[in-house]
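The chain contents come next:
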Amino acid sequence: MVAGVTFLSGCGLYQKYERPDVNTTGLIRDNVSITDTLVANADDENFGNLPWRSVFTDPQLQVLIQTALDNNPDLLNAALNVNMAEAQLKAARLAFLPQFTFSPSGTIASWDGNAATKTYQLPVAASWNVDLFGNLLSQKRGAQVQLLATKDYQTVVQTNIVAGVANMYYTLLMLDKQMEILNDMTTLTKDTWDMMKLQMELGRARSTSVQSAEANYYSVQAQAVDMQRQIREVENSLSLVMGQPAQTIKRGKLEDQNLPSEFSTGVGIQLLANRADVHYAEMNLAKCFYGVETARSRFYPNLTITPTATFTNSAGGGVVNPGKWLLSAVASLTQPIFMRGQLTAGLRVAEAQYQQAYNSWQNAVLKAGSEVSDALVLYNASDEKGKLEAKRVETLTKNVEHTRMLFKNSSSSYLEVITAQQSLLNAQLTKVTDEFYKMQAVVSLYQALGGGGK
């Protein structure tokens, strides 16, 4: 038997999962402009390894993130999934031990009115499945990697919550800033409307100019109403993530935020180790690997040993008192011969599931690199565009002032004033949006590097 097991182990049984080869070369695009945003020193800590409190330093944002981590139902359910996986692993480990049962019984019998005969049996039976061909071992290893995958999923949920709360918080700051701009522009357009009414009274402007200024004033007010709606919707969404009723969110200001501006992404293999979703996909691959091992083990014999110890006074044809011990042991070997193709089908299904898990893992690796590249591109583009928009706002601010002065002196038309104001408003709103995109890129990069899970 030992020689047979040794031979079969060399044929593929009792193997442990090993990570397949994966090409991480070029995982993060080399042609991304990262000279201003990546730390060149390899000794610097990977940005994704930083605790989320070190990245998001706004005290009010930290309170919101912690509240979400404490109350979010998805994260609470993920923790319960971990508890269930731990229980399943414990059961898989105990499967190597014998199973014991105690089933006492008693009988009272009387033949033709004679004195009753009383018999009893107090049996303790054990059943031990000898794992000769790795069936229980592969199931235990599968339960181990399933537990790791469940913990990875919990980390993925936590990372998504941290990033989601941060994104919604910065969205609120962006909308607040844009609302402030709209309020200032409302005042400016009202002043322009009043100025044109005065010019009409002096005979320097027509009624059409007053009507255009009035319409421009109402247009800005309508934008402010729509902005207020967006703020309420984001507050409701953020409240839902925190597991709380819809409420007003306390927050700071956009200009007071201080996010990192230099990042170290690490090399590809570090990215694989740090991304919980990538590791989750690999643990699913390992689970399917052990699923194949389990399916193969079903082709081999199953050896079961069943010892029984019974204390009884029933000696077959007579009754003895006091009772005696009756000991027995049975060994049975079951070798599948013809199972109507069920074992072969099970193996083919397990192998196909392994291939599916392999494809999903490879895609998770590629997706990780793509997300890092996207975040870097967004950060650099938003940073460069924001600088250009700042110059544009500065120029248009002067343009509004000049056109208003020229209109008062009858050297400019009302259309030039309104156009200048609209251009300034659009540029100011765009500049704030670019600042938000830059913040969003930091959050996305932190999430893409597996941040928020530690």
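Residues numbered from 1 in each chain as written. Predicted model: local features only at pLDDT ≥ 70, side-chain atom pairs only at ≥ 80, totals over all residues. Heavy atoms only, no water.

A. Summary view of the overall build of the protein. Secondary structure summary: the protein contains ten helices and five strands in total. Of all 454 residues assigned to the protein, the portion counted as buried reaches 38%. A separation of at least 24 residues holds for 83% of the contacts in the protein among residues at least 6 apart in sequence. When the accessible surface of the protein is totalled, it reaches about 25200 Å², and 54% of it is carbon and sulfur. (Helix = DSSP H or I, 4+ residues; strand = E, 2+ residues; numbered from the N terminus. Buried < 20%, exposed > 50% of the residue type's maximum accessible area, 1.4 Å probe, protein only. Contact = heavy atoms within 4.5 Å. Areas by Shrake-Rupley, 256 points an atom, 1.4 Å probe, with all protein chains shown as cover.)

B. Geometry of the packing of aromatic side chains. Enumeration over the complete set of coordinates arrives at 15 aromatic pairs. Judged by centre distance (6.5 Å) and plane angle (50°), the rings of Phe56 and Tyr170 are tilted. With Phe56 in the loop between helix H2 (52-55) and helix H3 (59-71) and Tyr170 in helix H5 (residues 135-201), the pair connects residues that are 114 residues apart, well separated along the chain. Side by side, Phe56 and Tyr170 carry an identical accessibility label, which is buried. (Phe/Tyr/Trp six-rings, centres within 6.5 Å; stacked < 30°, edge-to-face > 60°.)

C. Molecular detail of the layout of surface pockets. Approximately 330 Å³ is the volume attributed to the largest pocket. Elements with a minimum of two residues in the lining of the largest pocket: H5, helix H8 (276-297), helix H9 (342-408) and helix H10 (414-448). Per-element tally for the lining of the largest pocket: the top contributor is H9, with four residues. Tallied by class, the residues present in the lining of the largest pocket amount to four nonpolar, six polar and four charged. (1 Å grid on protein atoms, 1.4 Å probe; cavity = no way out; pocket = protein on both sides within 12 Å on 5 of 7 lines; lining within 4 Å. Points joined across faces, edges and corners; volume = space filled by probe spheres on them. Nonpolar A, V, L, I, M, F, W, Y, C, P; charged D, E, K, R; others polar.)

D. Representation of H5 within the structure. With 67 residues, H5 should reach 99 Å at 1.5 Å per residue; the first-to-last C-alpha distance of 96 Å fits that figure. Backbone geometry just after H5 places Gly203 at a positive phi near 80°. (Expected span 1.5 Å × (residues − 1).)

E. Structural context of a nonpolar patch on the surface. Where nonpolar side chains cluster on the molecular surface, the patch consists of Phe100, Phe102, Leu122 and Val124 and spans about 410 Å² of accessible area. Contributions of two or more residues to the nonpolar patch are made by strand E1 (99-102) and strand E3 (117-130). (Patch = residues over 30% accessible without salt bridge, like charges linked within 9 Å, V, L, I, M, F, W, Y side chains within 5 Å. Salt bridge = Lys/Arg side-chain N within 4 Å of Asp/Glu carboxyl O.)

F. Spatial organisation of the pairing of E3. Sheet analysis places E1 next to E3, joined by four bridges and oriented antiparallel. Across the sheet, residue Gln99 finds its bridge partner in E3, namely Ser127. Both strand E2 (residues 105-109) and E3 contribute to a ladder of five bridges, which runs antiparallel. Across the sheet, the residue bridging to Thr107 is Thr119, located in E3. In the sheet, E3 pairs with strand E4 (residues 302-314) via eight bridges, with the strands oriented antiparallel. Pairing of Ala125 across the sheet is with Thr308, part of E4. (Pairing = 2+ DSSP bridges.)

G. Inspection of the environment of Asn135 at higher detail. Along the chain, the position of Asn135 falls in helix H5. Given a relative accessible area of 21%, Asn135 falls into the partly exposed group. The sequence separation of Asn135 and Ser297 amounts to 162 residues, and the corresponding C-alpha distance is 5.3 Å. Setting aside residues no more than four positions away along its own chain, Asn135 makes contact with Thr294, Ser297 and Arg298.

H. Just the confidence of the model for the protein, in detail. In this model, the protein carries an average pLDDT of 85, and 87% of its residues clear a pLDDT of 70 or more. The least confident element of the protein is helix H1 (residues 2-9), whose mean pLDDT is 50; the most confident is H3, at 95. Taken as a whole, residues 30-44 scores under 50 in pLDDT and shows 22 contacts with residues more than four places along the chain or in a different chain. (pLDDT = per-residue confidence, 0-100.)

I. Up close: the side chain of Gln257. With respect to the helices and strands, the residue Gln257 is situated in the loop between helix H6 (207-241) and helix H7 (268-274). Not counting residues within four places of it along the chain, the set of residues in contact with Gln257 comprises Asp58, Tyr169, Tyr170, Leu173 and Met439.

J. Region of interest: empty space enclosed by the protein. Under the counting rule described, the total for this entry stands at one cavity of 30 Å³ or more. Computed from the structure, the largest cavity encloses a volume of approximately 70 Å³. Looking at the largest cavity, it is lined by eleven residues, and the ones nearest its centre are Tyr14, Gln15, Gly134, Ser138 and Glu293. When residues of the lining of the largest cavity are traced back to their parent elements, those giving at least two are H5 and H8. Across the lining of the largest cavity, the residue classes tally to five nonpolar, four polar and two charged.

K. Molecular detail of the pattern of salt bridges. Counted by the stated rule, this structure contains 19 salt bridges. For Asp226, the salt bridge is made with Arg229, and the minimal N-O distance between the two is 2.7 Å. Here Asp226 and its partner Arg229 are both found in helix H6, three residues apart, which amounts to about one turn of the helix. A relative accessible area of 33% means that Asp226 is categorised as partly exposed. On the basis of relative accessibility, which here comes to 39%, the residue Arg229 falls in the partly exposed class. In this structure, Asp277 and Arg275 form a salt bridge, with 2.7 Å as the shortest nitrogen-oxygen distance.

L. Looking closely at H3. Its 13 residues place the ends of H3 18 Å apart at the C-alpha level, agreeing with the 18 Å of an ideal helix rising 1.5 Å per residue. Taken residue by residue, H3 has Leu61, Gln62, Leu64, Ile65, Thr67, Ala68 and Leu69 as its buried positions. Looking at the buried side of H3, the elements it contacts are H2, helix H4 (73-94), H5 and H6. The backbone nitrogen of Gln60 lies 2.9 Å from a side-chain oxygen of the residue at the head of H3, namely Asp58. (Polar contact = N/O pair within 3.5 Å; in protein donor to acceptor, adjacent residues only side chain to side chain.)

M. Structural context of the environment of Leu80. Relative to the elements of secondary structure, Leu80 occurs in helix H4. Linking Leu80 and Gln154, residues 74 residues apart in sequence, is a C-alpha distance of 9.5 Å.

N. Highlighting unusual backbone geometry. With an omega of 0°, the peptide bond between Asn321 and Pro322 qualifies as cis. With respect to the element layout, Pro322 can be found in strand E5 (residues 319-334).

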